[in-house]
Protein chains: 2
Amino acid sequence: MDVRTQILDVATRRFAAQGYGGTSLSAIADEVGIRKASLLYHFPSKDELHRSVLDQVLSRWNEVLPRLLAAGSADRFDALLHETVRFFSEDPDRARLILRETLDNPVTMRERLLVAVAPWLQVIAGYVRRGQESGEVRADADPEAYLLHVIHLVVGGLAISDTLGIVLSPDGASSDIQRLTRELERIAKVSLFTDEGIERMNGRRAAAHAGSH
Amino acid sequence: MDVRTQILDVATRRFAAQGYGGTSLSAIADEVGIRKASLLYHFPSKDELHRSVLDQVLSRWNEVLPRLLAAGSADRFDALLHETVRFFSEDPDRARLILRETLDNPVTMRERLLVAVAPWLQVIAGYVRRGQESGEVRADADPEAYLLHVIHLVVGGLAISDTLGIVLSPDGASSDIQRLTRELERIAKVSLFTDEGIERMNGRRAAAHAGSH
DNA sequence: CCTACCGATCGGTAGG
DNA sequence: CCTACCGATCGGTAGG
């Protein structure tokens with residue numbers, strides 16, 4: 001692995017764990033095994049390094065998302081939710097970085113959200129509204145507000161999942177994360193769909209499975 | 001207002017906004033209008049000041065919570081949820097401080113949660129289980145995991161509520177926070193109670209209101 | 001509550 | 001990728 005990638009990896013972990021202000025360039029350089037001055041040859045400033053770390057995380061997500069939206073399967077919501085959970089639980093540092101950035105630089109993050117999140121949020125909200133017309137989605141749900149809460153539930157929840165897990169079993173079993181994510185998906189689904197909608201969704205999935213055998 | 005209280009107020013706001021590492025003692029002292037050395041007369045170290053800020057926030061919450069649990073009204077859950085939302089939306093810095101502490105010092109926060117949160121979480125989880133037996137609460141809900149998600153939904157959601165709100169309406173209307181909290185309470189309730197449970201709850205509330213007139 | 005000062009560490013530069 | 005070094009700022013102390 002080349003030095004640049006090593007620096008990005010270490011910096012991602014450190015920024016996620018201790019934040020921008022709590023991480024020094026020397027600490028990153030030490031862990032990589034080079035001098036601070038050498039790090040500043042690859043990234044001209046601490047700010048540039050931080051930007052690169054964020055860009056890397058967000059671009060990975062921008063690769064995954066359009067593929068999910070384009071899939072267009074019958075139970076699109078199910079797949080979208082599950083893949084989002086998988087993406088952030090695969091590496092919780094992604095979630096921690098986004099959460100930290102939202103706390104540290106709310107103004108910058110607001111602009112980024114407006115550009116990167118708002119458009120496809122409107123698209124999914126459109127699906128939700130169509131679901132309300134057909135009776136599959138609860139009539140009293142607020143599509144945009146609901147989606148924002150679910151995104152936050154996933155991103156924020158996985159950012160602090162190990163801390164939440166400890167309350168379930170003080171010895172810290174790894175099964176706690178599973179228990180938390182299963183309940184998270186239950187909350188997200190049951191607060192969106194009507195009983196009729198859930199039945200229809202299960203019916204479609206059973207049909208799809210039967211057809212593929 | 002005495003100097004000590006002024007220092008605590010300014011420090012609370014700064015720690016919530018920029019975190020521990022991103023806040024300097026000089027910056028706090030400047031805003032209060034004293035010298036850094038004078039600040040260190042009232043609080044012997046930055047760490048002590050930080051501890052005092054956290055203690056102040058958590059002790060306020062420990063005043064409110066037992067009163068809510070002791071109330072023992074029929075729709076206890078409704079009141080508990082609503083008051084928790086009110087407490088943190090009254091001053092979102094409380095939520096930001098707790099969220100930051102969870103990210104910065106997960107080990108310390110885990111111990112604190114085990115001591116301060118786990119006991120009464122078990123109590124409320126007991127209520128939820130009784131609700132499952134009587135059919136008011138959904139049978140497939142995981143009481144402890146559910147409660148942790150709702151706590152996170154409230155605390156984390158209010159910590160970043162202004163950032164989430166901007167996606168709803170780019171000009172940033174204050175009504176967005178209302179829209180978000182209303183949807184938050186809807187998600188929390190509908191994912192916990194069965195339709196029968198909600199009907200019973202509304203019935204009880206109507207009866208209570210009629211009785212009080 | 002102040003002035004004056006401390007060593008340590010910060011991000012960053014010069015020059016090789 | 002290194003050594004050597006910069007000014008600025010950090011948390012904290014001495015002494016009044």
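About the thresholds
Residues numbered from 1 in each chain as written. Chains lettered and ligands numbered in written order. Predicted model: local features only at pLDDT ≥ 70, side-chain atom pairs only at ≥ 80, totals over all residues. Heavy atoms only, no water. Near = heavy atom within 4 Å. Polar contact = N/O pair within 3.5 Å; in protein donor to acceptor, adjacent residues only side chain to side chain. Helix = DSSP H or I, 4+ residues; strand = E, 2+ residues; numbered from the N terminus. Nonpolar A, V, L, I, M, F, W, Y, C, P; charged D, E, K, R; others polar. Expected span 1.5 Å × (residues − 1). Buried < 20%, exposed > 50% of the residue type's maximum accessible area, 1.4 Å probe, protein only. Phe/Tyr/Trp six-rings, centres within 6.5 Å; stacked < 30°, edge-to-face > 60°. Lys NZ or Arg CZ within 6 Å of the ring centre and 35° of its normal. Least-squares fit on C-alpha atoms with pLDDT ≥ 70 in both. Contact = heavy atoms within 4.5 Å. Buried area = accessible area lost by both parts, 1.4 Å probe. Salt bridge = Lys/Arg side-chain N within 4 Å of Asp/Glu carboxyl O. pLDDT = per-residue confidence, 0-100. Domains from an automatic or database assignment. Patch = residues over 30% accessible without salt bridge, like charges linked within 9 Å, V, L, I, M, F, W, Y side chains within 5 Å. Areas by Shrake-Rupley, 256 points an atom, 1.4 Å probe, with all protein chains shown as cover. Lys, Arg positive; Asp, Glu negative; His and termini not counted. Charge placed at Lys NZ, Arg CZ, Asp CG, Glu CD.

Draft legend 1. Seen up close, the protein's contact with DNA strand D. Lining the immediate environment of DNA strand D, one finds 16 residues, of which A:Val3, A:Arg35, A:Ser38, B:Lys36 and B:Lys46 sit closest. Take the atoms of DNA strand D that sit within 4 Å of the protein: sugar and phosphate atoms are 54% of them. Here a phosphate oxygen of DNA strand D sits 3.3 Å away from a polar atom, N or O, in the side chain of A:His42. Looking at the surface near DNA strand D, the elements with two or more residues in it are helix 3 (36-42) of chain A together with helix 2 (25-32) and helix 3 (36-42) of chain B. At four residues, the largest contribution of residues to the surface near DNA strand D is made by helix 3 of chain A. Taken together, the residues that form the surface near DNA strand D break down as seven nonpolar, six polar and three charged.

Draft legend 2. Fine view of the protein's contact with DNA strand C. Taken together, 16 residues surround DNA strand C, and among them A:Lys36, A:Lys46, B:Val3, B:Arg35 and B:Ser38 come closest. Put simply, 55% of the atoms of DNA strand C that lie within 4 Å of the protein are in sugar or phosphate. A:Lys46 is positioned such that a nitrogen or oxygen atom in its backbone is 2.6 Å from a phosphate oxygen of DNA strand C. Separating a phosphate oxygen of DNA strand C from a backbone N or O atom of B:Arg35 is a distance of 2.8 Å. Within the residue set of the surface near DNA strand C, elements represented by two or more residues are helix 2 (25-32) and helix 3 of chain A together with helix 3 of chain B. With four residues, helix 3 of chain B is the single largest residue contributor to the surface near DNA strand C. For the surface near DNA strand C, a count of residues per class yields seven nonpolar, six polar and three charged.

Draft legend 3. Quick peek at helix 9 (residues 143-159) of chain A. Here helix 9 of chain A contains 17 residues, and its C-alpha end-to-end distance of 24 Å stays within 8% of the 24 Å for a straight helix at 1.5 Å per residue. Burial runs high along helix 9 of chain A: 16 of the 17 residues are buried.

Draft legend 4. Broad picture of the packing of aromatic side chains. Residue and element names in this part refer to chain A. Evaluated as defined, the whole model comprises twelve aromatic pairs over all chains. Taking the centre distance of 4.9 Å and the plane angle of 45 degrees together, the rings of Trp-61 and Phe-87 count as tilted. Taken together, the residues span a long stretch of sequence, with Trp-61 in helix 4 (residues 46-71) and Phe-87 in helix 5 (residues 76-90) at a distance of 26 residues. In this structure, Trp-61 and Phe-87 share a single accessibility class: buried. Measuring from ring centre to ring centre gives 5.0 Å for Phe-87 and Phe-88, while their planes differ by 90 degrees; the resulting arrangement is edge-to-face. Through a chain of ring-to-ring contacts, the aromatic side chains of Trp-61, Phe-87 and Phe-88 assemble into a single cluster. Between Lys-46 and the ring centre of Tyr-20, over which it is positioned, the NZ or CZ distance is 4.4 Å. One residue, Arg-94, lies across the ring of Phe-87, its end atom 4.1 Å from the ring centre.

Draft legend 5. How the structure looks around the relation of the copies chain B and chain A. Take chain B, turn it by 180 degrees, move it 0.0 Å along the axis, and it overlays chain A with an RMSD of 0.0 Å. Taken together, the rotation and translation describe the operation of a two-fold axis. When the interface residues of chain B are mapped onto chain A, 100% of them are again interface residues, pointing to one common binding face.

Draft legend 6. Representation of the interface of chain B and chain A within the structure. Counting residues at the interface gives 46 residues for chain B, matched by 46 residues for chain A. Together chain B and chain A conceal approximately 4600 Å² of surface at their shared face, both sides included; 69% is due to carbon and sulfur atoms. Of all residues in chain B, B:Leu103, B:His149 and B:Val167 give up the largest surface area on contact with chain A, accounting jointly for 15% of the area buried on that side. Here chain B and chain A share ten salt bridges between them.

Draft legend 7. Broad picture of the confidence of the model for chain A. For chain A, the mean per-residue pLDDT works out to 90, and 96% of the residues sit at or above 70. Confidence, expressed as mean pLDDT per element, reaches its minimum in chain A at helix 12 (residues 195-211) of chain A with 76 and its maximum at helix 9 of chain A with 97.

Draft legend 8. Examining the domain arrangement of chain A more closely. Residues and elements named next belong to chain A. The domains assigned to chain A are domain 1 (1-53) and domain 2 (75-211). Centre-to-centre, using C-alpha coordinates, domain 1 lies 31 Å away from domain 2. Across the contact, nine residues belong to domain 1 and five residues belong to domain 2. Carbon and sulfur atoms supply 59% of the area buried between domain 1 and domain 2, which totals about 580 Å² over both sides. Taken as a group, Thr-12, Ala-16 and His-50 account for 55% of the area that domain 1 buries against domain 2, more than any other trio of residues on that side. In this assembly, domain 1 and domain 2 are joined by zero salt bridges. At the junction of domain 1 and domain 2, the tally comes to three residue pairs in polar contact (both at pLDDT 80 or more). Elements that contribute at least two residues to the side of domain 1 that touches domain 2 include exactly helix 1 (3-18) and helix 4. It is helix 1 that provides the largest number of residues to the side of domain 1 that touches domain 2, a total of six residues. When its residues are assigned to classes, the side of domain 1 that touches domain 2 shows four nonpolar, four polar and one charged.

Draft legend 9. Just helix 6 (residues 92-104) of chain A, in detail. All names here are of chain A. Its 13 residues give helix 6 an end-to-end C-alpha distance of 18 Å, which sits within 8% of 18 Å, the value for a rise of 1.5 Å per residue. Where burial is concerned, most of helix 6 is hidden: eleven out of the 13 residues are buried. Residues of helix 6 that are buried: Asp-93, Arg-94, Ala-95, Arg-96, Leu-97, Ile-98, Leu-99, Arg-100, Glu-101, Thr-102 and Leu-103.

Draft legend 10. Just a negative patch on the surface, in detail. On the surface, A:Asp195, A:Glu199, B:Asp195 and B:Glu199 cluster together into a negatively charged patch. When residues of the negative patch are traced back to their parent elements, those giving at least two are helix 12 of chain A together with helix 12 (195-212) of chain B. Checked against the element boundaries, A:Asp195 lands in helix 12.

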